[in-house]
Amino acid sequence: MNKKTLTKLEYNKIIDLLVEAASSPGGERKCRNLKPSTDLAQIETAQEQTAAAFTRIVKKGRISFSGCYPVEDSLKRLEIGGNLGAGELLRICKLLETAARVKSYGRHENADDQNDCLDIYFEQLEPLTLISTEIRRCILSEEEISDDASSTLKHIRRSIDQINDRVHSTLTGLVNGSLRSYLQDAIITMRGDRYCIPVKAEYRSQVPGMIHDQSSTGSTLFIEPMAVVKLNNDLKELYGKEQEEIQVILARLSADTAEYTESIRTNYRTMTELDFIFAKGSLALSMNASKPVFNQEHRIRIREGRHPLLDKKKVVPISVTLGDEFDLLIITGPNTGGKTVSLKTVGLFTLMGQAGLHIPALDRSELGIFEDVYADIGDEQSIEQSLSTFSSHMTNIVSFLKKVNQDSLVLFDELGAGTDPTEGAALAIAILNHLHTRGIRTMATTHYSELKVFALSTPGVENACCEFDVETLRPTYHLLIGIPGKSNAFAISSKLGLPDYIIEEAKTHLSEQDESFEDLLTDLETSRRTIAKEQEEINAYKRELERLKSETKQKQEKLNEQKERIIKEANEKAHAILLEAKEMADETMKNFRKFGKENISAADMERERERLRKKLESTGSRVTLEAKKPSKQHKPSDFKLGESVRVLSMNLNGTITSLPDSRGNVTVQMGILNSQVNISDLEIIEEKVSYSAKNLHRTSQGKMKMGKAFSVSPEINLLGKTVDEAIAELDKYLDDAYLAHLSPVRIVHGKGTGALRKGIHNYLKRQKHIKDYHLAAFGEGDAGVTIVEFK
């Protein structure tokens, strides 16, 4: 790949992000050396590896390879029989521990998990747990070997501790005893690995021993008392033995490790490769990227692509196609409108995809495979080389034209700029036409109207523009394929405050052809926005219809379930009542046969009859007559919207919500249940309310109003109340019933002990507006109900 192109398209910044995602020195090095490939098989393999790592990271989280240190030098020394130091053995130990952790991460937790292309890497890892455990047991750090590394080392260190204790004990006795007055300070110090005490120079002869040092002034001598000389000699000898034993331990660990040098080398290479692959997966996750689909037809189809170096919360996605219906795309529009970003996005996506990296675009985005990418972006004018802006651009273009072929992707930013507009436009058309004729995939940005006309009039060449909002003077960054863009110079200048007379004069310098072309572009843009707005509204309506359709379907399914449940419960209830009725009938027949054979008193028969009657009443209140027919045959014209009806087959009341159709079916709303019912299964509910003209009175506005007693019931239920509570409620009820001209009325008080009935009758005797009262007849309540008639 062209190195200058990699820099211009900021591929190196993507590599920097990739390096940050790696966690081992070897992985970072592989990331730093990553370059785009041109081999389809190699690209597909790299993409599969990135996708597998991406999936594993999403499922299990990120894995760190921080313990994967480079150990090649140490392994080579082991192979020639050398011994390793504590630090080198610890690095190998950490490498093996990391291998164990990575291998555990690579195992599939569930049997349903599918194998992927990374399994082979995890299978190659050999943690060598025995080796790493032994190294970790023996070596605590680079400066410290464990006492338990060997029994000999443990014995030596125990002896060292004992001698140290004896030396300290002896010196402490001297410092705090007979030599105290001869000392500069009452302390014990070290000089050259020997324990000494600081003696004043004038008392040198009073302290027998070996002088090891003196102070800078000569006033203090550091003397090793003769009492500890032998102990210090023994201590120094033990220190030497300790170092010898440590070397023996390191040699043993080195020999054990040397048997597995190839396995350790394989672990390092495998984990370095895995770190590199998982760095690509982590980068894809952070960019919310997806795996592109590659083709060898040099076709590019990017769906909602976002430039990876821009803030993903602010960047506007673009959709770009190239190489299908057209192989040359000319992007026009105002400055800072997003033309260069669109150009860089296409080029950078191509480089990233061919390097095995996912691209931040929607799934199923397509990329072609190109042998090389050439980009002329930015200003490379050079004072030292006497190159102007135009010269630097043209130098790049000349070098491109010598190398490009049908396997190349060419990107031009502001082609032909920096010189006379007429000549620049002519050169740009000639260059683009040359590339187009050769079938080379090309994208170019420009301000020249001549290139817009060239795109409109040339087959296989397409216009595109970056949308710009003139009202806010801000680009929307949307890339629109098939529409040439306007520079909007007049509109922007006007918004920024340039006087109108200057703008009008500027327009007079435009040729009639240029002005009409700009007007055409304006009309196209207006039409496009209108169509886009209408399309958006249509899509919103479609979504709303789909939502309503889904809700209606759910409600209908719920109603059907409720209807089936209600009918099922009613059938089960009816079946139970029929069984109960059959049992009661059998019992009744049995009792009557019994009464006929035996001498049974009339009172016993009456009590039995009363029991059966009550049971019949109780059962009858629960019976639903499924085959009940309406008391009156109704015509379709009898049913009005809002009419209250009873559905006989379901024994439910409802309201008509639709008029009868040709088959006599109407829709009835019964609570939450909405059902189609034939009028033959309906009975119109006639709400009978007793009232007279006395119940009506006129307001001051002359409108009729109903009295309070408009809907007085012909019956009052006083069951369960005390006599005082019943009398108070009965008194109000009788007044309302009398005013409503209801006569007769029923008072339900029950039989019980008879106290409530007696209290009510005593009250009724005293009421002057009552004509008569008596207990109800047999079958109407008997002694549990009193019938009252008013005068």
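First things first, this report covers the structure right here in the doc. Keep in mind the model is a prediction, meaning the values are calculated, not measured.

A look at the overall build of the chain
Phase 1: A count of helical and extended segments in the chain gives 21 helices and 27 strands.
Phase 2: Considering only residue pairs separated by 6 or more positions, the chain has 66% of its internal contacts joining residues 24 or more positions apart.
Phase 3: As presented, the chain carries roughly 44200 Å² of accessible surface, and 51% of it is formed by carbon and sulfur atoms.

Here we look at a nonpolar patch on the surface
Phase 1: Judged by side-chain polarity, Leu498, Tyr501 and Ile502 come together as a nonpolar surface patch covering roughly 300 Å² of accessible area.
Phase 2: Note that Leu498 resides in the loop between helix 16 (489-495) and helix 17 (500-508).
Phase 3: Using a relative accessible area of 34% as the deciding quantity, one classes Leu498 as partly exposed.

Section: the pairing of strand 4 (residues 194-200)
Phase 1: In terms of burial, strand 4 is largely enclosed, as 6 of its 7 residues are buried.
Phase 2: A loop of 2 residues connects strand 3 (residues 189-191) with strand 4, the two strands running antiparallel in sequence, and Gly192 in this loop sits at a positive phi of about 60°.
Phase 3: Inspection of the sheet shows strand 4 paired to strand 6 (residues 220-225) by 4 bridges, in the antiparallel sense. Counterpart to Val199 in the pairing with strand 6 is Leu221.

Description of helix 20 (residues 723-739)
Phase 1: With 17 residues, helix 20 extends 24 Å from end C-alpha to end C-alpha; this agrees with the ideal 24 Å at 1.5 Å per step.
Phase 2: For helix 20, every residue scored as buried is listed here: Ala726, Ile727, Leu730, Tyr733, Leu734, Asp736 and Ala737.
Phase 3: Structurally, helix 20 contributes buried residues whose contacts are with strand 24 (715-717), strand 25 (745-748), helix 21 (755-765), strand 26 (770-775) and strand 27 (785-790).
Phase 4: At the C-terminal side of helix 20, His741 shows a positive phi close to 60°.

Considering the side chain of Asn164
Phase 1: Tracing the backbone through its elements, the reader meets Asn164 in helix 9 (residues 151-175).
Phase 2: Residue contacts for Asn164: discarding those within four places in its chain leaves Tyr195, Leu235 and Tyr239.

Cut-offs and rules
- Residues numbered from 1 in each chain as written.
- Predicted model: local features only at pLDDT ≥ 70, side-chain atom pairs only at ≥ 80, totals over all residues.
- Heavy atoms only, no water.
- Helix = DSSP H or I, 4+ residues; strand = E, 2+ residues; numbered from the N terminus.
- Contact = heavy atoms within 4.5 Å.
- Areas by Shrake-Rupley, 256 points an atom, 1.4 Å probe, with all protein chains shown as cover.
- Patch = residues over 30% accessible without salt bridge, like charges linked within 9 Å, V, L, I, M, F, W, Y side chains within 5 Å.
- Salt bridge = Lys/Arg side-chain N within 4 Å of Asp/Glu carboxyl O.
- Buried < 20%, exposed > 50% of the residue type's maximum accessible area, 1.4 Å probe, protein only.
- Pairing = 2+ DSSP bridges.
- Expected span 1.5 Å × (residues − 1).

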